[in-house]
Amino acid sequence: MTELEDVLVSGEFAAFREAYAPAVHPAGTTAVRETVRRRRRRTAVVTAAAVVLAVAVPVGANAALNRRPDPRPGPAQTATPGPSETTASPTPPPPTPSTASPTPPAPDGRITRSQLLAARLDLPTWPGYAPKTCVNDNVRLRSAAESDSAPRLLADPSYGDLDGDGATETVALVACRYGEASAKQVLAFDRDAAGRIVTMGRVVGTHEGMDDITDLSVQDDGRIRAYVADIQPCCSTPEWSPQRQWRTYAWTGERFTQTAGPTKFGVDPRLTDLTLTAGDLVIGPADTKGNRIATVTVTVVNKGPVDVPVLGFSDFYTIGKPAGGDLSRCRTVLSDGSDACLLDGLPAGKRKTYTFLFRYDPPEVDIRPALRVVHHDSQQRWWGDLTFKDNRVELRTAG
């Protein structure tokens, strides 16, 4: 019997005793048995009722919660969603598997020096001043040590992802000699789908006004920096004289173009404008040995904008050996292909006058006597001038 049944039965007995106990008198055995049978029947009825109630209550509650609407058709009703209600989106169908082939990876364009030297390449055209030996079709590059007039590979290649395809490309500096100088190009190389080495394009090449390329580097973002110069040191041009700049180039999808750095050189800020003027070269009478002394007075003006640490004078060979005057305190150095006498400095905007004495010994060939002034720095290096034509004067002789 359940706890609920115990409670109900106990309650019934308690009520019965309270109502009938005062009037009950002892009865015989038969009466007692009859009373017991009657109480048992009543207890069974009460118990059954309690069980039915215990089962019916939860079943009815559950039925109320799960009651479905009447399936019979009725008047149509349209429900308007409230502010907090949302309409569920239909579940999208699963994606259809793609039948397209995956994109093949870009070819590896890392090309070694030996591979470049062994390949047959088509190169961009060389400048117009380059000789016919500077070919550009089906070229096999020579090493830098070879000196003939044919395209050569200078230094080792550099590498980077130039076009953003995730693969590496190769950048190299090539040159073709003409005389004592060389035309130069920075070129990019790659491989095609078959693995052949191909020329991607010219990054930058020498031309009028930019006569030299000496170094390059590839940055992490694929941009290429080239170290360029306005002139190429050769012949009598010293290695320190060119103006040099770093310029940056990048691939546009079709070609390389400059993206950073200067685009021109302009006036060299290290140079100044010296002007030399001179009087007559006065030749004195011969002494007892037949030697003659020649005297000349010269004036130098520094028109600026740069101070000159040291003035140098040369072309003495057209007159003779220095014999005195201001030349007695000079230091002789090799300058611009000939001996020069180094004297004082000359600030911008200033002038100085000197008197030179020579042991007159004109050359055997017909050369007019002359003098030239040259700008030198504190390291005794000589520099060019903004206007060369007034740095040298031919002397008139007198006496």
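Up top is the structure these notes are about.
Source: prediction; values computed, not measured.

Chemist: Before we go on, may I ask you to explain the state of the cysteines in this structure?
Modeler: What makes a disulfide is a covalent bond joining the sulfur atoms belonging to two cysteines. For the structure shown, the criterion picks out two disulfides. With its sulfur 1.9 Å from that of its partner, cysteine 134 forms a disulfide with cysteine 176. Taking the sign of the S-S torsion, about -100° here, the bridge from cysteine 134 to cysteine 176 comes out left-handed. Here cysteine 176 lies in strand E3 (residues 169–178) and cysteine 134 lies in the loop between helix H3 (113–118) and strand E1 (142–143), a separation of 42 residues in the sequence. Comparing cysteine 134 with cysteine 176 shows no difference in burial state: the two are buried.

Chemist: What exactly am I supposed to notice about a nonpolar patch on the surface here?
Modeler: A contiguous nonpolar surface patch, about 290 Å² in accessible area, is contributed by Tyr317, Val365 and Ile367. With respect to the helices and strands, tyrosine 317 occurs in the loop between strand E13 (310–314) and strand E14 (320–325). A residue is classified by how much of its surface remains accessible, and tyrosine 317, at 53% relative accessible area, is exposed.

Chemist: Would you take a moment to explain the side chain of aspartate 211 for this structure?
Modeler: Position of aspartate 211 among the secondary structure elements: in the loop between strand E5 (197–205) and strand E6 (212–218). Despite its burial, aspartate 211 pairs with no opposite charge; the closest candidate is lysine 184, at 8.9 Å N-O. With residues near it in sequence (within four places) discarded, aspartate 211 still touches Tyr129, Tyr178, Ser182, Thr206, Ala229, Asp230, Ile231 and Gln232.

Chemist: Sorry, what's going on with the side chain of aspartate 385 here?
Modeler: The topology assignment puts aspartate 385 in the loop between strand E19 (382–383) and strand E20 (392–394). Within polar-contact distance, the side chain of aspartate 385 engages the backbone nitrogen of threonine 387 at 3.0 Å. When neighbours within four sequence positions are excluded, aspartate 385 is seen to be in contact with Thr272, Asp273, Leu274, Asp390 and Asn391.

Chemist: Could you clarify how one ought to interpret the nonpolar core in this entry?
Modeler: One broad rule of soluble globular proteins: the nonpolar side chains tend to lie buried together. Membership of the largest hydrophobic core comes to 24 residues, with the highest contact counts inside it found for Leu311, Phe313, Phe356 and Leu371. Residue assignment for this core shows that the elements contributing at least two residues are strand E10 (274–278), strand E11 (281–283), strand E12 (293–302), E13, strand E17 (351–360) and strand E18 (370–376). Of the residues forming this core, the biggest block, four residues, is contributed by E12. Excluding residues that lie within four positions of it along the chain, leucine 311 makes contacts with Leu274, Val300, Cys341, Leu342, Leu343, Asp344, Leu346, Tyr354, Val373 and Val374. One finds Ala175, Ile213, Leu216 and Phe256 within the second-largest nonpolar core, a separate group that totals 20 residues.

About the cut-offs
- Residues numbered from 1 in each chain as written.
- Predicted model: local features only at pLDDT ≥ 70, side-chain atom pairs only at ≥ 80, totals over all residues.
- Heavy atoms only, no water.
- Disulfide = S-S within 2.5 Å.
- Helix = DSSP H or I, 4+ residues; strand = E, 2+ residues; numbered from the N terminus.
- Buried < 20%, exposed > 50% of the residue type's maximum accessible area, 1.4 Å probe, protein only.
- Patch = residues over 30% accessible without salt bridge, like charges linked within 9 Å, V, L, I, M, F, W, Y side chains within 5 Å.
- Areas by Shrake-Rupley, 256 points an atom, 1.4 Å probe, with all protein chains shown as cover.
- Salt bridge = Lys/Arg side-chain N within 4 Å of Asp/Glu carboxyl O.
- Lys, Arg positive; Asp, Glu negative; His and termini not counted.
- Contact = heavy atoms within 4.5 Å.
- Polar contact = N/O pair within 3.5 Å; in protein donor to acceptor, adjacent residues only side chain to side chain.
- Core = buried A, V, L, I, M, F, W, Y, C linked by side-chain atoms within 4.5 Å.

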